[in-house]
Amino acid sequence: MQGRCDDLAGRIIDTCRDSGLLLAAAESLTGGLLADAFVRIPGASDVFLGSAVTYDIAAKAAILKVDQDLLATQGAVHPRVAQEMAEGTARLYTRPGHEDTVIGMATTGVAGPGPDGDDPAGLVYIGLALPVRVMGGRMETGLQSHAYRTYAYELHLDGDREQVRRGTVMRILDQLDRALHSRG
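Residues numbered from 1 in each chain as written. Predicted model: local features only at pLDDT ≥ 70, side-chain atom pairs only at ≥ 80, totals over all residues. Heavy atoms only, no water.

Draft legend 1. Here's a closer look at the overall build of the protein. Of regular secondary structure, the protein possesses seven helices and six strands. Secondary structure elements of the protein, listed N to C terminal, follow the sequence α-β-α-β-α-α-α-β-β-α-β-β-α. Relative to the compact-globule value of 16 Å for 184 residues, the protein shows a C-alpha radius of gyration of 15 Å, a close match. Once the C-alpha set of the protein is aligned to its principal axes, its extents read approximately 45 × 35 × 25 Å. Within the protein, counting contacts between residues at least 6 apart in sequence, those at least 24 apart form 68% of the total. Total accessible area computed for the protein in this model is approximately 8,200 Å², and 49% of it derives from carbon and sulfur atoms. In the protein, which carries 18 positive and 24 negative side-chain charges, the distance between the mean positions of the two groups comes to 5 Å. (Helix = DSSP H or I, 4+ residues; strand = E, 2+ residues; numbered from the N terminus. Rg over C-alpha atoms; globule rule 2.2 N^0.38 Å. Contact = heavy atoms within 4.5 Å. Areas by Shrake-Rupley, 256 points an atom, 1.4 Å probe, with all protein chains shown as cover. Lys, Arg positive; Asp, Glu negative; His and termini not counted. Charge placed at Lys NZ, Arg CZ, Asp CG, Glu CD.)

Encoded structure:
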């Protein structure tokens, strides 16, 4: 699986470099594994800006500006939370002169070994915030703010804690690769 992960991350880095796009992540259950998937690849610093590990629910609100009422009523394991984390990290890492170029990625869920309240182990949401210009003329399901089109994907992963975390990274890389190569 590591080889496929490296291949996907390398392909995403190359696509972003060629397209003038940048990457940023917000991680909860993956706790830095998504960032590691990119920084393992030589040349990642051309496009990868960083990752905010917001494991604590209050950090999601304070750092990424995820809606506090949403977190209070739904908890951290929710598709809208993944979307807000993704857009929050894109905004957090946007720098002057690079508006509409940062892609935000997010992971939130239950790695296990057991459930978290009513949420079973392996229930994960990944979020992507793509600058509207990335999507070109293609508009499909998702939420759109003035600058981003945000998506959430629900995953049901099997395995132990480490398998769920690594599976989450593979799935978000796969979704982002698909999004980048199906635009326009």
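Draft legend 2. Local environment of unusual backbone geometry. A cis amide bond links glycine 112 with the next residue in sequence, proline 113, at an omega value of 20°. Relative to the helices and strands, proline 113 resides in the loop between strand E3 (102-109) and strand E4 (123-131). The backbone of lysine 65 sits at a positive phi, close to 65°, despite the residue not being glycine. Residue lysine 65 is classed as exposed on the basis of its relative accessible area of 63%. The backbone of aspartate 100 shows a phi angle near 60°, a positive value even though the residue is not glycine. The residue aspartate 100 is located in the loop between helix H5 (79-93) and E3 in this model. (Buried < 20%, exposed > 50% of the residue type's maximum accessible area, 1.4 Å probe, protein only.)

Draft legend 3. Expanded view of the nonpolar core. Formed by 55 residues in total, the largest nonpolar core has its most connected members in Leu23, Phe38, Met105, Leu173 and Leu176. Broken down by element, the residue count for this core peaks at eight residues, all from helix H7 (residues 161-181). With near-sequence residues (within four places) excluded, leucine 173 lies in contact with Cys5, Leu8, Ile12, Leu34, Ala37 and Phe38. Of all hydrophobic cores here, the second largest spans five residues; its members include Val77, Val110, Leu123 and Tyr125. (Core = buried A, V, L, I, M, F, W, Y, C linked by side-chain atoms within 4.5 Å.)

Draft legend 4. Quick look at the packing of aromatic side chains. Counted under the stated rule, the structure contains two aromatic pairs. Aromatic pair phenylalanine 38 and phenylalanine 48: ring centres 5.3 Å apart, planes at 15°, arrangement stacked. On the criterion of sequence distance, the pair formed by phenylalanine 38 in helix H2 (residues 33-39) and phenylalanine 48 in strand E2 (residues 48-53) is long-range, its members being ten residues apart. One exposure class covers both phenylalanine 38 and phenylalanine 48, and it is buried. Ring centres 6.4 Å apart and planes at 15° place the aromatic pair tyrosine 151 and tyrosine 153 in the stacked group. According to the relative accessible area criterion, tyrosine 151 is buried, its value standing at 6%. Judged by relative accessible area, which is 24%, tyrosine 153 ranks as partly exposed. (Phe/Tyr/Trp six-rings, centres within 6.5 Å; stacked < 30°, edge-to-face > 60°.)

The values reported here are purely geometric and, on their own, carry no functional implication.
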